[in-house]
Amino acid sequence: MKISVVGGAGHVGLPLSLQIAHRGHDVVAIDSNLQRVDMIKNGLIPFLEPGLKSLLSSVLVDGSFKIDHRYEMVDGAEVVIVVVGTDLNVMGQPQNSSVFAAIRQFEKYLSPATSLVLRSTVMPNTTELVSQSLEGRVGEVAFCPERIAEGNALRELEDIPQLVGTREGKGSEKLTELFSSLGIAIVNVTWVEAELGKLMLNA
């Protein structure tokens, strides 16, 4: 499966990108941080995460993982995963502006054959708003939150069940195939249930 990970040079995006590349998928990580992109291209990890450097080396060698700063690399992806950071307002609530800003950078490369996955911390109903804004231009939109801690990312990606939030909560054949390749259980929920689950975990 061809996967693009937007925000793929960060603490959350890079472990995910490398892990799914290692599990047989064709992954392109996309990130606007040129310094990080260059480091990763050269086999260097820009932050401390046990086991990540050796995993990066193996997927660079076999060609299953690439990293780029150009959003056009989303073109042709079967699944696009958005895992950009989100800011908090003075009330401690996550702001959605960075998620929508990231989507605007690549939305013209989406197609009805593309599944769009949001993974960042967002306010409830954000996934529905994204789906409405892209209606007719993308296939399914899902919220599949990350639930890993820095320093344990690779282990937890292979251990913690994955919430897959869809409109009706009935699951997704494509996303089940993707996340099941990590060897983890899938829990099908609705968009809002997945969004609330992520907020509760953060709290």
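Residues numbered from 1 in each chain as written. Predicted model: local features only at pLDDT ≥ 70, side-chain atom pairs only at ≥ 80, totals over all residues. Heavy atoms only, no water.

## Looking at the overall build of the protein
Going by this rule: What counts as a helix is a DSSP run of H or I of at least four residues, what counts as a strand is a run of E of at least two, and both are numbered from the N terminus. To get the radius of gyration, use the C-alpha atoms; to get the globule rule, take the number of residues to the power 0.38 and multiply by 2.2 Å. Here the term buried applies to any residue with accessible area under 20% of the maximum for its type, exposed to any over 50%, and partly exposed to those in between, with areas from a 1.4 Å probe on protein chains only. Contact between two residues is taken to exist if any of their heavy atoms lie within 4.5 Å; hydrogens are not considered. Residue exposure ignores everything except the shown protein chains as possible cover, and the areas themselves are Shrake-Rupley values with a 1.4 Å probe. Two residue types count as positive, namely Lys and Arg, and two as negative, namely Asp and Glu; His and chain ends fall outside the count. Positions of charges follow a simple convention, taking NZ of Lys, CZ of Arg, CG of Asp or CD of Glu.
Along the protein, the regular secondary structure elements total eight helices and eight strands. Taking 17 Å as the expected radius of gyration for a compact globule of 203 residues, we find that the protein reaches 16 Å, a close match to that expectation. Its C-alpha atoms give the protein principal-axis dimensions of about 40 × 35 × 35 Å. In the protein, buried positions account for 48% of the 203 residues. In the protein, the proportion of contacts linking residues at least 24 apart, taken out of those at least 6 apart, comes to 71%. Total accessible area on the protein is roughly 9300 Å²; 51% of this is exposed by carbon and sulfur atoms. Taking the average place of the 17 positive charges on the side chains of the protein and the average place of its 24 negative ones, the gap between the two points comes to 3 Å.

## Focus: the environment of Gly51
Within the element layout of this structure, Gly51 appears in the loop between α2 (34-41) and α3 (52-62). The exposure class assigned to Gly51 is partly exposed, which follows from its relative accessible area of 40%. Sequence-wise, Gly51 and Glu107 are 56 residues apart; in three dimensions their C-alpha atoms are separated by 33 Å.

## So, helix α7 (residues 173-180)
Formally: The directions considered for the arc run from the helix axis to the C-beta atoms.
Buried residues of α7: Leu175, Leu178 and Phe179, and no others. Around the axis of α7, the buried residues are gathered within 85° of arc, so they sit on the same side.

## Focus: the pairing of strand β8 (residues 186-190)
Strand residues, when the strand is regular, have side chains that alternate between the two faces of the sheet. Selection criterion: Paired strands, in this sense, are two strands between which DSSP finds at least two bridges. Handedness is read with the strands pointing away from the viewer; a crossover is right-handed when the path from the first strand over the helix to the second is clockwise.
Two strands pair when backbone bridges link them, and strand β7 (residues 162-166) and β8 are joined in this way by five bridges, in the parallel orientation. Residue pairing in the sheet places Gly165 in a bridge with Val189 of β8. For the crossover that starts at β7, traverses α7 and ends in the parallel β8, the hand is right-handed.

## Brief notes about the nonpolar core
Which entries qualify depends on this criterion: Working definition of a nonpolar core: buried Ala, Val, Leu, Ile, Met, Phe, Trp, Tyr and Cys residues. They are joined through side-chain atoms within 4.5 Å.
Ile3 and Phe65 are the most contacted members of the largest nonpolar core, which totals 37 residues. Per element, the largest residue contribution to this core is five residues, and it comes from helix α1 (residues 13-22). For Ile3, the contacting residues outside a window of four places in its chain are Ile20, His25, Asp26, Val27, Val28, Val79, Ile81 and Leu178.

## Remarks on unusual backbone geometry
Peptide bonds are trans in most cases, and residues, glycine excluded, mostly fall at negative phi. In this structure, Asn125 takes a positive phi of about 85° despite not being glycine. Along the polypeptide, Asn125 turns up in the loop between β5 (115-118) and α5 (126-133). A residue is classified by how much of its surface remains accessible, and Asn125, at 39% relative accessible area, is partly exposed.

## Some remarks on the layout of surface pockets
Rule in force here: Cavity: a set of points on a 1 Å grid over the protein atoms alone where a 1.4 Å probe fits but cannot get out. Pocket: an open set with protein on both sides within 12 Å along at least five of seven lines, its lining residues, like those of a cavity, having an atom within 4 Å of a point. Grid points are joined across faces, edges and corners, and a volume is the space filled by probe spheres set on the points.
In this structure, the largest pocket occupies an estimated 260 Å³ of space. For the largest pocket, the lining is made up of 16 residues, of which Val12, Val83, Val84, Gly85 and Glu146 are closest to its centre. Estimated volume of the second largest pocket: approximately 160 Å³. Taken together, 13 residues line the second largest pocket, and the ones lying closest to its centre are Gly139, Glu140, Val141, Arg167 and Trp191.

## Some thoughts on the pattern of salt bridges
Put simply, the test is: By salt bridge we mean one thing: a side-chain nitrogen of Lys or Arg within 4 Å of a carboxyl oxygen of Asp or Glu.
Throughout the structure, instances matching the rule amount to six salt bridges. In this structure, Arg137 engages Glu107 in a salt bridge whose closest nitrogen and oxygen atoms are separated by 3.0 Å. Of the two residues, Arg137 sits in the loop between α5 and β6 (141-143) while Glu107 sits in the loop between α4 (97-106) and β5, which places them 30 residues apart along the sequence. Residue Arg137 is classed as partly exposed on the basis of its relative accessible area, which comes to 38%. Exposure remark for Glu107: the relative accessible area of 21% places this residue in the partly exposed category. Salt bridges linked by common partners bring Asp68, Arg70 and Glu72 together as one network.

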